[in-house]
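# Commentary on secondary and tertiary structure
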Amino acid sequence: MNKILLLLIIISGFLVIFYANSEIFSRKTLINVFHKEFAIGAIVANKTISNLIDNENVIQNHEEKHNEGVFKRYQKSNGNEIGAINGSYRVRRNHTIGHARKVPYNSRNNDYNIFVIYTKENYQLQKKFELFSKSLLKYTTVKVHLHIITDSKSETTAEELLKEQIRRYHKSIYYTLYYVHDCAEKITDIVHAMMPFFSSNPGSYYSDALFYLSLGLHRIVDPKMSRGILIDCDVVFRTDVRFLFEEFSKFSSDNLFGLAPELTPVYRHILYRFRANYPQTNFGSPYYSSAYLLHNNLINSNSVNGGFNRESIRMLSKHKHKHIKHGYPGLNSGVVLMNFDGIRSSKLYAEALKETYVTKLANKYLFKGHLGDQDFYTLLGYEFPSLIYRLDCVWNRQLCTWWKDHGYSNVFDTYFHCEGKIKIYHGNCNTRVPE
Ligand code: UDP
Ligand code: MN
């Protein structure tokens, strides 16, 4: 009996030694298996990894020696690093797991740069950012590089909300944080040129600068970055953001920015005086004419006459084969595609940003707006159509109906019309996005 007991003890001893030396079951191996699947420098979300990390003794802020460089700094606008963060994790035995890692921009990483502004957070903004990041991660099939322009009050929530969605969808992305004040300092000349014409109640410099960042983003980002997309955080994706990046391939050599039309009569309102002086202008008119919409309604309708009387049908058949002249309702800056290379080398754009030119442009159209960068894009796009690629409205389906109840109920629907399968909803003026 004693001999059997002794034998069992010896066997279990061997088993323990074998297990202890085995690579198969070690955490290290498991970590490496996962690690290889994700690029170094990415934020990686994988439940298994997260669990491992949670059980490990996580050492934070201790990665200076690691060869791939784990960055725990804010990326400064010129590509250097500033400010400390605490989002990089490292487990014992020198295994770097990209569970949550910030990286400075590196053109080797990828070219799917998405910029989002998240500042002065409150509960409402948190909810918006949650839906934004959730829908972005749910659909994306590419490893995006998210550039979050934030402030000290909002950064923690932004990171937490992001990590939550990364875990939920088991996706991996890169991200970089920027301080809004550093960014604002790079564009003071632009803000000063624009504020008198495009800000309603000029507040403090910094609160207004936020709404002009896109115009000077090429000065803020890494000089090697060739393209990027700025998106409001009150948007919800209904498709893979990769397809939005594919729109860049349709840019002509002159196109610097890509924006979708404004879907309300706001510029009809702002351009009231100009339109009175030039009644033939299409500036401030809806993209689709009412005749076009009537015609479309008619052919899409199953009822015999589509609910139209004879007169309207006669009118429609007159227009049927005619080329429909589109109006120019202005542009919405909730989604802005930016060809940074083109922007940097455009003398015309550099000139257009100057105070003298902005003043000239605003005076020409008797323009006094309140929507920041999008007011400028709207004027620029009318003056120099070739600079702007016209993004389809399905990529920025705005939902705000404020103008419908404020004097424009009769024409609102012609502006609001957007055909096709919606790819991005934009819940502007705090409108709820449909589930
Ligand atoms: N934003 C922000 N903090 C604010 C206000 C705005 O970070 O206090 C950012 C946010 O990304 C938001 C964008 O600026 O989506 C533009 O503002 P908003 O979407 O509210 O304007 P709207 O689309 O309703 O005109
Ligand atoms: Mn918005």
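Up top is the structure these notes are about.
Residues numbered from 1 in each chain as written. Chains lettered and ligands numbered in written order. Predicted model: local features only at pLDDT ≥ 70, side-chain atom pairs only at ≥ 80, totals over all residues.

Turning our attention to the overall build of the protein. Helices and strands together make up the secondary structure of the protein, namely 19 helices and 15 strands. In the protein, buried positions account for 39% of the 435 residues. (Helix = DSSP H or I, 4+ residues; strand = E, 2+ residues; numbered from the N terminus. Buried ≥ 20, exposed ≤ 12 C-beta atoms within 10 Å, placed from the backbone.)

Contact geometry of helix 7 (residues 188-198) with helix 17 (residues 355-364) gives a least axis separation of 8 Å together with a crossing angle of 15°. Classified by the interaxial angle, the pair formed by helix 7 and helix 17 is roughly parallel. Every pair of crossing elements has a handedness; the one defined by helix 7 and helix 17 is right-handed. Contacts from His-192, Ala-193, Met-194 and Phe-197 of helix 7 reach helix 17 at Glu-355, Val-358 and Ala-362. Considered class by class, the residues forming the contact of helix 7 with helix 17 number five nonpolar, one polar and one charged. (Axes fitted to C-alpha atoms, helices over the stretch in contact; angles between N-to-C directions. Parallel < 35°, antiparallel > 145°, perpendicular 65-115°, else oblique. Left-handed = near helix turned anticlockwise from the far one by under 90°. Contact = placed C-beta atoms within 7 Å. Nonpolar A, V, L, I, M, F, W, Y, C, P; charged D, E, K, R; others polar.)

Taken together, the neighbourhood of ligand 1 is formed by Val-116, Ile-117, Tyr-118, Thr-119, Lys-120, Leu-125, Asp-232, Cys-233, Asp-234, Gly-334, Asn-428 and Cys-429. Considering every element that reaches the shell around ligand 1, the biggest residue donor is strand 6 (residues 113-118), with three residues. Of the residues contributing to the shell around ligand 1, the split by class is six nonpolar, three polar and three charged. (Near = placed C-beta within 6 Å.)

A few words now on the sheet that holds strand 14 (residues 397-398). Across the sheet, three strands lie side by side as 10-15-14; this open sheet has mixed pairing. A strand with exactly one partner marks an edge of an open sheet, and here the two such strands are strand 10 (235-237) and strand 14. Sheet analysis places strand 10 next to strand 15 (residues 424-426), joined by three bridges and oriented antiparallel. The residue bridging Val-236 from the neighbouring strand is Tyr-425, located in strand 15. (Pairing = 2+ DSSP bridges.)

Turning our attention to unusual backbone geometry. Its identity is not glycine, yet Lys-120 carries a phi of approximately 50°, on the positive side. Mapped onto the secondary structure, Lys-120 falls in the loop between strand 6 and helix 4 (123-139). Using a count of 14 C-beta atoms within 10 Å as the deciding quantity, one classes Lys-120 as partly exposed.

Among the nonpolar cores identified, the biggest contains 88 residues, and Ile-114, Val-116, Tyr-212, Ile-229, Phe-257 and Val-335 are the most heavily contacted of them. Of all the elements, strand 8 (residues 172-179) adds the most residues to this core, at six residues. Apart from the residues lying within four places of it in its own chain, the contact partners of Ile-114 are Val-144, His-145, Leu-146, His-147, Ile-229, Ile-231 and Val-241. (Core = buried A, V, L, I, M, F, W, Y, C linked by C-beta atoms within 7 Å.)

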